[in-house]
Amino acid sequence: HFLLGKAYAQTGSPKGVERELRTALEKEEDFLQARLVLAQLLIRTGKVELARAQVERLRNTHADHPEVAVRAAQLAVREERWQDAVAAYRNALDRHASSRWTRDLAAVQQQAGHPEEARKTLEDWLQSHPDDPPARLALANLYLERGLRSEAKQAFREVVAKRPNNVAALSWLQRLYREGG
């Protein structure tokens, strides 16, 4: 049922996904991956109360798993509880280093009105993971939003150095040079 739920997810059928995941969980209550996917689906589809129950269940059964902290963060974002989201992403990152989660944390920090924290999060990550074009692209975009054009250009250049066909970085570089060197 879990695999069938994943197949439904690829076809864009949330009701089918939810039905199959619930069936899988009826057969095996503590099926971590199924519960994680179900919680994520409920968050994405705006079923916040149901998502909250799934996240709480995950916390009770798999409290130390980093993906559980990520689901708590995603739920907090959905509810616009920015500080809770920041704390939950930090909790996940304390357990497992992840570029995706680092970028998500920075996005939440920015959304919460703390762009300097977001900048520091990405810069710190890139200090220890310099070959991470997605994180560098996120930092370049943050620089742009802050009006730091020369820093953004440099970051976009570094993305292109690692991924010469990155359309977003190439497009921004072209635009920045066209607008003033």
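Preceding this paragraph is the structure being described.
Heads up: these notes are all about the structure in this document.

1. Points about the nonpolar core
Moving on, step 1. Core analysis: the largest hydrophobic core is formed by 31 residues, its most contacted members being Leu 58, Leu 75, Tyr 89 and Trp 101.
Moving on, step 2. For this core, the secondary-structure elements that each account for two or more residues are helix 2 (14–27), helix 3 (32–44), helix 4 (48–61), helix 5 (66–78), helix 6 (82–95) and helix 7 (99–111).
Moving on, step 3. Ranked by residues supplied to this core, first place goes to helix 3 with eight residues.
Moving on, step 4. In this structure, Leu 75 is in contact with Ile 43, Val 48, Ala 51, Arg 52, Val 55 and Arg 81, ignoring residues within four places of it in sequence.
Moving on, step 5. Residues Ala 106, Leu 126, Leu 142 and Ala 169 belong to the second largest nonpolar core, which totals 20 residues.

2. A closer look at the pattern of salt bridges
Moving on, step 1. Scanning the model with the defined rule gives 21 salt bridges in all.
Moving on, step 2. For Arg 100, the salt bridge goes to Asp 104, with nearest N and O atoms at 2.7 Å. Here Arg 100 pairs with Asp 104, and both are found in helix 7, just four residues apart, close to one helical turn.
Moving on, step 3. Salt-bridge contacts for Glu 116 lead to Arg 119; the nearest nitrogen and oxygen are separated by 2.7 Å. Pair noted here: Glu 116 and Arg 119 are both in helix 8 (residues 115–128), with a separation of three residues, about one helical turn.
Moving on, step 4. In this structure Glu 116 comes out as partly exposed when scored by relative accessible area, which is 38%.
Moving on, step 5. When its relative accessible area of 22% is taken as the criterion, Arg 119 is described as partly exposed.

3. Some words on the environment of Val 77
Moving on, step 1. Mapping Val 77 onto the fold places it in helix 5.
Moving on, step 2. According to the relative accessible area criterion, Val 77 is partly exposed, its value standing at 27%.
Moving on, step 3. When the C-alpha positions of Val 77 and Asp 132 are compared, they lie 24 Å apart, and in sequence the two are 55 residues distant.
Moving on, step 4. Setting aside chain neighbours within four positions, we find Val 77 in contact with Trp 82, Ala 85 and Val 108.

4. So, the packing of aromatic side chains
Moving on, step 1. Counted under the stated rule, the structure contains one aromatic pair.
Moving on, step 2. Between Phe 156 and Trp 172, the ring centres sit 6.3 Å apart and the planes meet at 5 degrees, which makes this aromatic pair stacked. You can see Phe 156 sitting in helix 10 (residues 149–162) and its partner Trp 172 sitting in helix 11 (residues 167–178), a full 16 residues away along the chain.
Moving on, step 3. Looking at Lys 153, its charged tip hangs above the ring of Tyr 177, at a distance of 4.8 Å from the centre.

The rules behind each value
Residues numbered from 1 in each chain as written. Predicted model: local features only at pLDDT ≥ 70, side-chain atom pairs only at ≥ 80, totals over all residues. Heavy atoms only, no water. Core = buried A, V, L, I, M, F, W, Y, C linked by side-chain atoms within 4.5 Å. Buried < 20%, exposed > 50% of the residue type's maximum accessible area, 1.4 Å probe, protein only. Helix = DSSP H or I, 4+ residues; strand = E, 2+ residues; numbered from the N terminus. Contact = heavy atoms within 4.5 Å. Salt bridge = Lys/Arg side-chain N within 4 Å of Asp/Glu carboxyl O. Phe/Tyr/Trp six-rings, centres within 6.5 Å; stacked < 30°, edge-to-face > 60°. Lys NZ or Arg CZ within 6 Å of the ring centre and 35° of its normal.

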